[in-house]
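# Coordinate inspection notes
Each chain, written out:
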Amino acid sequence: MGFARTCSVALVGVEGVVVEVQADLEPGVAAFTLVGLPDKSLSESRDRVRAAVVNSGGEWPQRKLTVGLSPASVPKAGSGFDLAVACAVLGAAERIDPRVLADIVMIGELGLDGRVRPVRGILPAVLAAAEAGYEQVVVPECAAAEASLVPGVSVLGVRSLRQLIAVLADEPVPEEEPDDVGRPDPLLAGLRMPGTGAATGMHGGGAPYDQGHDLADVVGQRSARTAVEVAAAGGHHLFLEGPPGAGKTMLAERLPAVLPRLTREESLEVTAVHSVSGLLPTGKPLIDVAPYCAPHHSATMQSLVGGGPGIARPGAVSLAHRGVLFLDEAPEFSTQTLDALRQPLEAGHVVIARSAGVVRFPARFLMVLAANPCPCGRFSQRDTQCECPPSAIRRYHARLSGPLLDRVDLRVEVDPVGRHELAHRGPGGESTATVADRVRAARERAAARLTGTPWRTNSEVPGRELRSRWHAATGAMDEAERNLERGVLTARGLDRVLRVAWTIADLVGHDRPDVTDVALALQLRTGVPRGVPMALGALT
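Summary of the structure given here. (Residues numbered from 1 in each chain as written. Predicted model: local features only at pLDDT ≥ 70, side-chain atom pairs only at ≥ 80, totals over all residues. Heavy atoms only, no water.)

### Let's talk about the overall build of the protein
Put simply, the test is: Segments assigned H or I by DSSP are reported as helices when at least four residues long, segments assigned E as strands when at least two residues long, and all are numbered from the N terminus. With a 1.4 Å probe rolled over the protein chains alone, any residue whose accessible area is under 20% of its type maximum counts as buried; one over 50% counts as exposed, and the rest are partly exposed. Contacts are assigned to residue pairs with any non-hydrogen atoms lying within 4.5 Å of each other. Accessible surface is estimated by sampling points in the Shrake-Rupley manner with a 1.4 Å probe; for residues, cover comes only from the protein chains shown.
Looking only at helices and strands, one finds 22 helices and 17 strands in the protein. Residues counted as buried form 51% of the 540 residues belonging to the protein. Of all intrachain contacts in the protein linking residues separated by at least 6 positions in sequence, the fraction that spans at least 24 positions is 71%. Here the protein has roughly 23900 Å² of accessible surface; of this, 51% comes from carbon and sulfur atoms.

### Observations regarding the side chain of Thr 457
The residue Thr 457 is located in the loop between α18 (432-449) and α19 (463-469) in this model. Overall, Thr 457 belongs to the buried group, its relative accessible area being 8%. The contact partners of Thr 457, leaving out residues within four places of it in the chain, are Gly 234, Arg 443 and Leu 450.

### Focus: the packing of aromatic side chains
Put simply, the test is: Stacked, edge-to-face and tilted are the three classes for Phe, Tyr and Trp ring pairs, Trp counted by its six-membered ring, which pair at centre distances within 6.5 Å; planes under 30 degrees apart are stacked, over 60 edge-to-face, the rest tilted.
Under the criterion given, the structure shown has 2 aromatic pairs. For the pair Phe 32 and Trp 60, a centre-to-centre distance of 5.7 Å together with 40° between the ring planes defines the contact as tilted. With a gap of 28 residues between them, Phe 32 in strand β3 (residues 31-35) and Trp 60 in the loop between α2 (45-55) and β4 (64-70) connect regions that are remote in the sequence. Across the pair, exposure class does not vary: Phe 32 and Trp 60 are buried alike.

### Regarding the state of the cysteines
To be explicit about the condition: Whenever a pair of cysteine sulfur atoms sits within 2.5 Å, that pair is classed as a disulfide.
What the rule picks out here adds up to 0 disulfides. Cys 376 takes part in no disulfide bond, and the closest cysteine sulfur to it belongs to Cys 374, at a distance of 3.4 Å. Residue class for Cys 376 comes out partly exposed when judged on its relative accessible area of 26%.

### Thoughts on helix α3 (residues 82-92)
Counting buried positions over the 11 residues of α3 gives 11, a clear majority of the element. Taken from the residues just after α3, Glu 94 is the one with a positive phi, measuring 65°.

### Observations concerning the packing of helix α8 (residues 222-234) against helix α9 (residues 248-258)
When two helices pack together, their arrangement is given by the angle between the helix axes and the distance between those axes. What counts is decided by this rule: Angles run from 0 to 180 degrees between N-to-C directions of axes, and those axes are lines fitted to C-alpha atoms, restricted for helices to the stretch in contact. By the definition used in this description, the sense in which the near helix is turned from the far one sets the handedness, with an anticlockwise turn below a right angle giving left-handed and a clockwise turn giving right-handed. Classification used: nonpolar for Ala, Val, Leu, Ile, Met, Phe, Trp, Tyr, Cys and Pro, charged for Asp, Glu, Lys and Arg, polar for all others including Gly.
At a minimum axis separation of 10 Å, α8 and α9 run at an interaxial angle of 40°. Crossing handedness for the pair α8 and α9: right-handed. From α8, Ala 224, Arg 225, Val 228 and Ala 232 reach across to α9, where they touch Leu 251, Leu 255 and Val 258. Split by residue class, the contact of α8 with α9 holds 6 nonpolar, no polar and 1 charged.

### Digging into the environment of Arg 525
Heads up, the rule is: N or O atoms closer than or at 3.5 Å make up a polar contact, with two conditions inside protein: a donor-capable atom paired with an acceptor-capable one, and, for residues adjacent in sequence, both atoms drawn from side chains.
Inspection of the secondary structure assignment puts Arg 525 in helix α22 (residues 515-526). On a C-alpha basis, the gap between Arg 525 and Arg 496 in space is 8.3 Å, while along the polypeptide they are 29 residues apart. Setting aside chain neighbours within four positions, we find Arg 525 in contact with Asp 406, Val 408, Asp 409, Arg 411, Leu 489, Gly 493, Arg 496 and Val 497. Within polar-contact distance, the side chain of Arg 525 engages the side chain of Asp 406 at 2.7 Å.

### Considering the pattern of salt bridges
Stated formally: What makes a salt bridge here is a side-chain nitrogen of Lys or Arg within 4 Å of a carboxyl oxygen of Asp or Glu, nothing more.
Within this structure, the stated rule accounts for 30 salt bridges. Ionic pairing is found between Glu 346 and Arg 407, a salt bridge with its closest N-O pair at 3.6 Å. Note that Glu 346 is positioned in helix α14 (residues 342-347) and Arg 407 in the loop between α16 (402-405) and β17 (410-413), a separation of 61 residues in sequence. With relative accessibility at 10%, the residue Arg 407 sits in the buried group. A salt bridge links Arg 482 to Glu 479; the shortest N-O distance between them is 2.7 Å. Of this pair, Arg 482 and Glu 479 are both found in helix α20 (residues 478-485), 3 residues apart, which corresponds to roughly one turn of the helix. Note on Arg 482: relative accessible area 39%, which makes it partly exposed. Where salt bridges share partners, they join Glu 346, Asp 406, Arg 407, Asp 409, Arg 492, Arg 496 and Arg 525 into one cluster.

### As for unusual backbone geometry
Of the consecutive residues Ser 70 and Pro 71, the connecting peptide bond is found in the cis state with omega at 10°. You can see Pro 71 is positioned in the loop between β4 and α3. A positive phi angle is found at Glu 94, which is not glycine, with a value near 65°. One can find Glu 94 in the loop between α3 and α4 (98-101). Glu 94 gets classed as exposed once you look at its relative accessible area, which sits at 66%.

### Brief notes about helix α15 (residues 390-398)
Our working rule: The arc in question is the one traced by the directions running from the helix axis out to the C-beta atoms.
Those residues of α15 that fall on the buried side of the exposure criterion are Ala 392, Ile 393 and Tyr 396. Burial along α15 is one-sided: seen end-on, the buried residues are contained in an arc of 100°. When the buried face of α15 is taken as reference, the exposed residues oriented beyond 90 degrees from it are Pro 390, Arg 394, Arg 395 and Ala 398. Those residues of α15 that are buried are in contact with β16 (366-371).

### Looking at the nonpolar core
What counts, and what does not: The set of buried Ala, Val, Leu, Ile, Met, Phe, Trp, Tyr and Cys residues whose side-chain atoms join them within 4.5 Å is what this entry labels a nonpolar core.
In this structure, Val 230, Leu 238, Leu 240, Val 368, Ile 504 and Leu 524 are the most contacted members of the largest nonpolar core, which totals 57 residues. By residue number, the principal contributor to this core is helix α21 (residues 491-508), which donates 9 residues. Setting aside its immediate chain neighbours within four residues, Leu 238 contacts Ala 227, Val 228, Ala 231, Met 367, Val 368, Leu 369, Val 408, Leu 410 and Val 412.

### Brief notes about the environment of Gln 302
As for its placement among the helices and strands, Gln 302 is situated in helix α11 (residues 301-305). The spacing of Gln 302 and Ala 340 is 38 residues in sequence and 9.7 Å in space, taken between C-alpha atoms. Every residue in contact with Gln 302, bar those within four places of it in the chain, is listed here: Gly 307, Gly 308, Gly 315 and Arg 354.

Bear in mind that shape data such as this cannot, by itself, settle questions of function.
Next comes the structure, spelled out in structure tokens:
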């Protein structure tokens, strides 16, 4: 009887569970049995592994073979166990020393010719292996850079099963012929999920807004530009309302570039989600800029918050983690889909329960809603071009529920741009670089104030902590409290006004919010003029 074991990783959402792959050979009729709650693609590994071993010059054992995946209670999906299954079988057949395999984690799919293909979720899988105490990981060669992001783990990238057998058996490593130069590498196809191209608006890495877009391109819109800056500095959600062509989408596309670059910890979180989704940019294993996600208004609830058959996959809210989720034409989304955003907006994560298991995805994003003033988009207090009846306008606005809007900190009307502003050839507004510098300085002030707490931005601080530990100036909150008594603000709204006031104070350099800072926060929250300038420079 021959026995060998090695390890691989099963992914449940973006969390990994180390799985022990055991192979047992016994006398009897040649058969291959795979046990341990495998899915269809994993059950098919029996044929892939057999063909890969034979085509790699190995000998397939003609005995009764049983491969077990432990723990058996954890659902196992995907083809990433192929490499571990093949090596466990070869170890049981004594082609490889079983003692060498015991402390190695192997992740990768095998082609019928023995080539090792990448799979999605390499980074979270290696993170799980490192947390479990494993120090050696074998991954496909083209995914080695992604796996090497995890500190304290020795990564071996292999291109074929032949190479791995030679390394483990301490034999000369054979050379693998390179693919045709100039043609796309067919191995990289395993890293991308079908239907997740640029047209979906669900991708990260900075591509949508890193194409020469600059805030200086936005004509006018002083109030909206101020709101974008405040949103970036404090992580506050934003609602832009205005007619078509006023610049709502332009402002949203430029917002991610204003956000500070991600920290190392945040980069690993974002990269793990995009790795599981098959959306990592080619040649860039680590995402270090804020992602941008703009799903179409016909998106389903599952595509927005996550879901799908079997184990749920990340949705748009998770793909926008630590970045921007832009919902253009927000009233055109279904009411049920929009209301599903309430929990991730408050908690910073989304929990999805399915019959196959419960998964938890990170979802701490900055939401930007954009809407027209009416169905035709021409409603304005200054002209009568709108032909929508009042009942249609009321129904249009009612699609955005009150509880959802109560979670939005900033609400700004984007006015149409006139002929004079378009024809003006003088210096434009501030550039993205200038605004980003102020945002970074404001975030540093907030981070210094919040040192020793689990929060890093003003939008994350609970209201009770703001009221008990970080007070505004004496009398600064009087007007906001009167709005609470009159029903203009809810209790949650009052806390959010205080959060925005702290962000404004950080931007203008005040030690704590004063009356003017709170008045501007109220104006941004309610949309009602409070007699304060919308330019932050006027508050210093």
